Amino acid sequence: FSEAELFLVGQCGNQVGCRFWDLALREYASVNKRGLYDEATSSFFRNECAGLTLANLNLQAVLVDMEEGVIGQILQGPLRELFDSAQLLTDVSGSGNNWATGHMTYGSVYRELIVDKLRKAAELCDCLQCFFLIHSLGGGTGSGLGTRVLGLLEEEFPGVSRIVTSMYPSAEDDVITSPYNSVLAMRELTEHADCVLPVENQSLIDIVQKIQAVAHGSKPELMVRRDGTVSSGQGGVHEVEKPFDAMNNIVANLLLNMTSSARFEGSLNVDLNEIAMNLVPFPRLHYLVPSLTPLYTLADVNAVPRRLDQMFSDAFSKDNQLIRADPKQSMYLACALMVRGNVHVSDLRRNIERLRPSLPFVSWNQEGWKTGLCSVPPVGHSHSLLALANNTCVKLNFMELKERFIKLYRKKAHLHHFLHVEGMDVGCFTEAASSLNSLIEEYDCLDATKARLTRDPPRLRIAA
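Residues numbered from 1 in each chain as written. Predicted model: local features only at pLDDT ≥ 70, side-chain atom pairs only at ≥ 80, totals over all residues. Heavy atoms only, no water.

Under an unreviewed UniProt entry, the chain has the name Tubulin epsilon 1 and belongs to Oryzias melastigma. Among the UniProt annotations of the chain, the heading Subcellular location (unreviewed entry) holds the following wording: "Cytoplasm, Cytoskeleton". Per UniProt, the chain has the following entry under Sequence similarities (unreviewed entry): "Belongs to the tubulin family." (UniProt positions renumbered as here; feature names shortened; annotations may be inferred.)

Buried within helix α13 (residues 345-355) are the following residues: Asp-347, Leu-348, Asn-351, Ile-352 and Leu-355. Projected down its long axis, α13 carries its buried residues within an arc of 125°, all on one side. Considering only its buried residues, α13 is in contact with α12 (308-315), β10 (332-341) and β11 (369-374). (Buried < 20%, exposed > 50% of the residue type's maximum accessible area, 1.4 Å probe, protein only. Helix = DSSP H or I, 4+ residues; strand = E, 2+ residues; numbered from the N terminus. Arc of directions from axis to C-beta. Contact = heavy atoms within 4.5 Å.)

Across all of its chains, the model carries 24 salt bridges by this definition. The partner of Arg-350 in a salt bridge is Asp-347, with the nearest N and O atoms 3.1 Å apart. In this pair, Arg-350 and Asp-347 both sit in helix α13, three residues apart, roughly one turn of the helix. Because the salt bridges share partners, they merge into one network encompassing Glu-200, Arg-324, Glu-400 and Arg-404. (Salt bridge = Lys/Arg side-chain N within 4 Å of Asp/Glu carboxyl O.)

Bringing the pairing of strand β8 (residues 195-200) into the picture now. Residues in a regular strand project their side chains so that they alternate between the two faces of the sheet. Within β8, six of the six residues are buried, which leaves it mostly tucked inside the rest of the structure. On β8, burial covers both faces: Cys-195, Leu-197 and Val-199 on one face and Val-196, Pro-198 and Glu-200 on the other are all buried. Taken together, the six bridges between strand β7 (residues 161-168) and β8 define a ladder with parallel strand orientation. Bridged to Met-167 within β8 is Val-199. (Pairing = 2+ DSSP bridges.)

One open sheet holds the four strands; their spatial order is β9-β12-β10-β11, and the pairing between them is mixed. If you trace the sheet from one side to the other, it starts and ends with β9 (288-293) and β11, each paired once. Put simply, the sheet's adjacent strands are angled 15° from each other on average, direction ignored. Relative to β11, β10 is paired through six bridges, and the arrangement is parallel. (Axes fitted to C-alpha atoms, helices over the stretch in contact; angles between N-to-C directions.)

A few words on the pairing of β7. Most of β7 sits inside the fold, with eight of its eight residues counted as buried. Side chains Ser-161, Ile-163, Thr-165 and Met-167 project from β7 onto one buried face, and the interleaved Arg-162, Val-164, Ser-166 and Tyr-168 project onto a second face that is buried too. Bridge count between strand β6 (residues 128-136) and β7: seven bridges; the pairing is parallel. Counterpart to Ile-134 in the pairing with β7 is Thr-165. Handedness of the crossover is the feature at issue here: the chain leaves β6, passes through helix α5 (residues 141-156), returns alongside β7, and the resulting connection is right-handed. Between β7 and its parallel partner β8, the chain crosses via helix α6 (residues 178-192), and the hand of that crossover is right-handed. (Right-handed = clockwise from strand over helix to strand, strands pointing away.)

In this section: unusual backbone geometry. Positive phi is not limited to glycine here, since Asn-97 has a value of about 55°. Within the fold, Asn-97 resides in the loop between β5 (88-90) and α3 (99-109). Although it is not a glycine, Lys-412 sits at a positive phi angle of roughly 55°. By secondary structure assignment, the location of Lys-412 is in the loop between α14 (394-410) and α15 (415-419).

Since the α-helix turns once every 3.6 residues, residues separated by three or four places project in the same direction. Among the residues of helix α2 (residues 69-76), Val-70, Ile-71 and Ile-74 are the ones counted as buried. All buried residues of α2 fall inside an arc of 95° around its axis, so they share one side. Where α2 is buried, its residues contact α1 (10-31), β4 (61-65) and β5.

Okay, structure coming up:
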């Protein structure tokens, strides 16, 4: 089994990561009835003692936040025994929702300490294959220091894959400077990440509202269980459910599905570094649209499980995506289907052939599918599916972000807060905007090929 290190930066990153570990431990407990430390457990956990029991586990992770609040809550919560002080880096004043403070100020002050923690974490791995970075783009620490950590990962470990889960703020975000922070961070993501999984807060809000509508519905067979893995905050950062717990749980389930092959056996396992190798034909176009199915069973809804074929159809529905987009109206560069549970290769092939006519792939990569089968399903469910689509539809989300950026920048609103930070100048803004423009143009060029897309000509028959 390969190993991965998680780097959690900022409040959001640490909350999502904590939920991931809680759910991962539940999965190990359901499969590993004897509670022994095995190869599957070693993917994200180390055993610090001689006794091979889960009680001696230590997480393979580094937690960074420039405020003490969230990490302090984690250290007082149910998972506190899994951490030691060497894995933690905190400050007290925070980044003030300012990318420049996180990236320039704290990035410089803590650079050597961060590098030291990176190296020590890597030295403890026998087969390090991937770094996972989890952060948000709207604030200052996640966007600024998070992308500084990303650059250091590339600098120190250029051969290790870097997969980033980035939480994108909604248009109604209460952080007025979030468009600046997001665009400045996106330049770093485009240059230094191998894959980025964009997750929009608004999409998570929409999904949670659907779950709550089911929970308060009149049909008893569709009621949400109060201790469900999405609807409950139990076992996470807090003992009592908080407003963002349900949203964090959905992202944690995305990571559970993505890493399932690294944690459990299956008939068609996917190495984490194969994701970028197979799904990213051009280095800058590495933003993958994530889609989870079934969503309702993530909430532990007492409903009849979806048929297997319906699950595959749902994966390509806008309702199951973690960003608001419509891939079927754009171009697929590649797509991964990562399935868990009692599913066979023949099921995968049949559904790909069934769905293929409705999915416009670029002409030069019509067979651009990556598939994985993990035999262990999520706890309490028969099967699940994560789809990761490299699709040009993300350009519309980036164009919307660009418009919000321009509205502020045209008036030079709040710019002085950033320019007062040492090392920051107007050039950082213009270069970030130019990088985003170039990214949108690259997607545009690929989208333009859709009009010329035609079916393959029939094979020539040679007369006898």
